[in-house]
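Inside the fold
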There are 2 protein chains.
Amino acid sequence: MNVVPTSENGSPPVYREIAEELRGQIRSGRYADGDRLPGENTLMERHGVARATARQALSVLINEGLAVAVRGSGIYVRLFRPVRRHGARRLSKELWGQGRAIWQTDGEERGYEVDGLCVDETVADGHVARALGLAEGGGVLRRSRRYLVEGRPVQRAVSYLPLTVLVDSAAARRVREHDSGPGGIYARLAELGQAPAHFTEEIRVRMPTPEESQELRLAPGTPVLEVARTALTSEHRPVEFNEITMDGSAYVLQYDFDA
Amino acid sequence: MNVVPTSENGSPPVYREIAEELRGQIRSGRYADGDRLPGENTLMERHGVARATARQALSVLINEGLAVAVRGSGIYVRLFRPVRRHGARRLSKELWGQGRAIWQTDGEERGYEVDGLCVDETVADGHVARALGLAEGGGVLRRSRRYLVEGRPVQRAVSYLPLTVLVDSAAARRVREHDSGPGGIYARLAELGQAPAHFTEEIRVRMPTPEESQELRLAPGTPVLEVARTALTSEHRPVEFNEITMDGSAYVLQYDFDA
């Protein structure tokens, strides 16, 4: 529950006001990435508050992911520049057709890693079956992995492909391997005669489950973005459904389109 | 702060487990919109818990907006079908060129209202100036309004237009009125020779401010979606910047595009 606490007279408690002031100074650049924030003693003196109040104010910023405590040294500003994810540009055929990974456009010059990769076969349940136009219980290949940028986990993506599409071939075998090869699964689908031509992305937002909080190392009070993408062939047959759960504080999603 | 409470052994407390079970039964359709949920007595008996625990479980669902208490009667499932907002389709020239309101595609067959409309002149600050390519302090017309669907507030939209675009004319005068006329401000911009041809939408997510919680009547723990849209002419000159703050639980954003 995210109830904003108020003091008896209805105004926010003092520790929140101090946190808000520091937050404003971080946003305005008065304290930049890596700067040391005023410590408990400074805040106590400056605002005439008890140590517990000063500590609470600093912990708000730490919980929001705007600051980190360095043991024995102090509290430092730690800003993470959100990943800008371009809806259409990153999925253009030119990109995966040239054997590039979709993530090369998101990570820009920033390092990214993949871990927790898991490839298995399963059956499509309710919404996955609907998205892929399969009967309930239809077989799918599931590829699940976590992405990290600058060492910070930013998303978990779980991709489903109908087994009926993966007819025996080198491309179909490669899709089942951990490294799905140059251009990734979209390039393999093209080799199978099932090149994605259209995409639909649905965006929802919600608070995370405890498991998601842990896996994405979310600061308390951080929502997740859910992007559900369906890839369709030129005949509008669905060939992939991808459920992506993102750290909401780590992303800006961008979509460009014409009138 | 959205700390998920855990009991001493690290598992979620019983009231959360009960809430999770009821939530699952609502999602699966076992309890449909308008159905009465099991009351405190039933939950106490069924789960062998104290009244306070049963009450806490039900209050989780109420806080999430999945249920409402009807005084003297019980707790009822109250589902709000999210508004599906089609990124590109709703902004197509055919639509506003025909004098239709953009909201007619979102509200579908559902009633929507606008309130809290406010039109004034102001100066563009940091990010608004940047989005519109204006010098800091450049003059803008600001149009702000709240939208409601089925009586529920779902978003606040604040639109900014550079005053330099609004050269004296019937269309420019109409943009300053509460009712901006058939097809809205995009139709008026077209009459001014500044028809929007391209759009960029940026999506961010965060927890609401106390003012936003109040204005959008957000259940505790509900994040907001921020959509920042820039409308550009065919020469890529920005002619409008629109900041939309949405109840995150009331929307599904959809974007369709080609590979």
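Residues numbered from 1 in each chain as written. Chains lettered and ligands numbered in written order. Predicted model: local features only at pLDDT ≥ 70, side-chain atom pairs only at ≥ 80, totals over all residues. Heavy atoms only, no water.

1. Quick look at the packing of aromatic side chains
Any pair of aromatic rings gets described here by the distance separating the centres and the angle formed by the planes. Operational definition: Aromatic rings from Phe, Tyr and Trp, with only the six-membered ring used for Trp, were paired whenever their centres fell within 6.5 Å, and each pair was classed as stacked if the ring planes differed by under 30 degrees, edge-to-face if by over 60, and tilted otherwise. Comment: elements are numbered from the N terminus, with helices defined as DSSP H or I runs of at least four residues and strands as E runs of at least two. Relative accessibility thresholds used throughout: buried, under 20% of the residue-type maximum; exposed, over 50%; partly exposed, between the two (1.4 Å probe, protein chains only).
In this structure the tally under the stated criterion is nine aromatic pairs over all chains. Taking 3.8 Å as the distance between ring centres and 0° as the angle between the ring planes, the aromatic pair formed by A:Tyr255 and B:Tyr255 counts as stacked. Here A:Tyr255, found in strand 10 (residues 251–258), pairs with B:Tyr255, found in strand 10 (residues 251–258), and the two come from separate chains. Residue A:Tyr255 shares its accessibility class with B:Tyr255, and that shared class is buried. Plain terms: the ring middles of B:Tyr186 and B:Phe199 are 5.6 Å apart, the flat faces sit at 45° to each other, and that makes the pair tilted. Of this pair, B:Tyr186 sits in helix 8 (residues 184–191) while B:Phe199 sits in strand 7 (residues 198–206); the two residues are 13 residues apart in sequence, bridging distant segments of the chain.

2. Section: the relation of the copies chain A and chain B
Going by this rule: Residues below a pLDDT of 70 in either copy are left out; the C-alpha atoms of the rest, at least 70 in both, set the least-squares superposition of the copies. Any two residues whose heavy atoms approach within 4.5 Å are treated as being in contact.
Least-squares fitting of chain A to chain B yields an RMSD of 0.1 Å, with the transformation described by 0.1 Å of translation along the axis and a rotation of 180°. Here the two chains are linked by the operation of a two-fold rotation axis. A share of 100% of interface residues in chain A that are also interface residues in chain B marks the association as one of identical surfaces.

3. What to know about unusual backbone geometry
Residues and elements named next belong to chain A. Unusually for a residue other than glycine, Arg 217 sits at a positive phi of about 45°. You can see Arg 217 is positioned in the loop between helix 9 (210–215) and strand 8 (224–232). Residue class for Arg 217 comes out exposed when judged on its relative accessible area of 55%.

4. Brief notes about the interface of chain A and chain B
Definition in use: Here a salt bridge means any side-chain nitrogen of Lys or Arg lying within 4 Å of a carboxyl oxygen belonging to Asp or Glu. Think of a polar contact as two N or O atoms within 3.5 Å of one another; within protein, one of them needs to be a possible hydrogen donor and the other a possible acceptor, and neighboring residues in sequence only count if both atoms come from side chains. By the convention adopted, Pro, Cys, Tyr, Trp, Phe, Met, Ile, Leu, Val and Ala count as nonpolar, Lys, Arg, Asp and Glu as charged, and the other residues, Gly among them, as polar. Whether two strands pair comes down to DSSP finding at least two bridges between them.
Between chain A and chain B, the contact holds 40 residues from the first and 40 residues from the second. Our count for the contact surface shared by chain A and chain B stands at two salt bridges. Taking the shortest distance from any N to any O, the salt bridge between B:Glu202 and A:Arg84 comes out at 2.6 Å. Linking chain A to chain B there are 14 residue pairs in polar contact (both at pLDDT 80 or more). Elements supplying a minimum of two residues to the side of chain A that touches chain B: helix 4 (93–97), strand 7 (198–206) and strand 10 of chain A. Ranked by the residues each element gives to the side of chain A that touches chain B, the list is headed by strand 7 of chain A, at nine residues. For the side of chain A that touches chain B, the per-class residue count stands at 22 nonpolar, nine polar and nine charged. Where strand 7 of chain A and strand 10 of chain B come together, six bridges link them in antiparallel fashion. Note that in strand 10 of chain B the partner of A:His198 across the bridge is B:Asp258.

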